[in-house]
Amino acid sequence: MLPWWSDTLTVFHKAEEETEDRKTTVWTKEICENCFWRETNKRIGDDRNISFVSSRIVRLPKSAKGLKAGDIVVRGVISDAIPKGDSGRELVEKYGKHAFIVSIAKDNTGANLPLPHYYGGE
């Protein structure tokens, strides 16, 4: 792996558990090594008003379980768990700039790609 792919991330995969009368959010925790984490500035606004907000992106190796919108990524290894039925927002707030909810996810693991990986960003 590349030298800048040196971060270890804790990923909480979001899923829905369905019973007869309702759906409940459940979380599966995965520790991913040899990942890429980057904090960047995202430009937002229109022609008159432009501002920048902090944003994070990650890349996980092909051996990871993947990423999808709604998953939560935390930089480092943490012992926390997200309870069944919980949104996970408290965990994201607890870890501040070292955590985010994935809003953009791409599977870049296809054949003929030079560096197969999963991509996630805010």
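Everything that follows concerns the structure shown earlier in this document.
Predicted, not measured: the structure shown is a model, and the values here were computed from it.

Cut-offs and rules
- Residues numbered from 1 in each chain as written.
- Predicted model: local features only at pLDDT ≥ 70, side-chain atom pairs only at ≥ 80, totals over all residues.
- Heavy atoms only, no water.
- Helix = DSSP H or I, 4+ residues; strand = E, 2+ residues; numbered from the N terminus.
- Salt bridge = Lys/Arg side-chain N within 4 Å of Asp/Glu carboxyl O.
- Buried < 20%, exposed > 50% of the residue type's maximum accessible area, 1.4 Å probe, protein only.
- Polar contact = N/O pair within 3.5 Å; in protein donor to acceptor, adjacent residues only side chain to side chain.
- Contact = heavy atoms within 4.5 Å.

A. Quick look at the environment of Thr19. With respect to the helices, strands and loops of the structure, Thr19 is situated in the loop between β1 (7-18) and β2 (23-45). As a C-alpha pair, Thr19 and Ser87 span 68 residues in sequence and 18 Å in three-dimensional space.

B. Fine view of the pattern of salt bridges. According to the stated counting rule, one finds 5 salt bridges in the structure shown. Glu17 is paired through a salt bridge with Lys84; the nearest N and O atoms lie 2.6 Å apart. Of this pair, Glu17 sits in strand β1 while Lys84 sits in the loop between β4 (72-75) and α1 (89-95); the two residues are 67 residues apart in sequence, bridging distant segments of the chain. For Lys84, a relative accessible area of 54% corresponds to the exposed category. Put simply, Arg56 and Glu122 hold a salt bridge, and the shortest N to O gap is 3.2 Å. Residue Arg56 is found in strand β3 (residues 50-61), and its partner Glu122 is found in the segment after β7 (117-121); the two are separated by 66 residues along the sequence. Overall, the relative accessible area of 24% leaves Glu122 in the partly exposed class.

C. Focus on the side chain of Asp80. Structurally, Asp80 is set in the loop between β4 and α1. Asp80 sits in the buried class, given a relative accessible area of 16%. A polar contact of 2.7 Å, which involves the side chain of Asp80, links it to the side chain of Lys94. If near-sequence neighbours (up to four positions away) are discounted, Asp80 is found in contact with Phe12, Lys29, Leu91, Lys94 and Tyr95.

D. Examining the environment of Lys97 more closely. Mapped onto the elements, Lys97 comes out in the loop between α1 and β5 (99-101). For Lys97, a relative accessible area of 49% gives the class partly exposed. Separated by 58 residues in the primary sequence, Lys97 and Glu39 place their C-alpha atoms 8.6 Å from one another. Non-local contacts of Lys97, meaning those with residues more than four positions away in its chain, are made with Trp37, Glu39 and Arg56.

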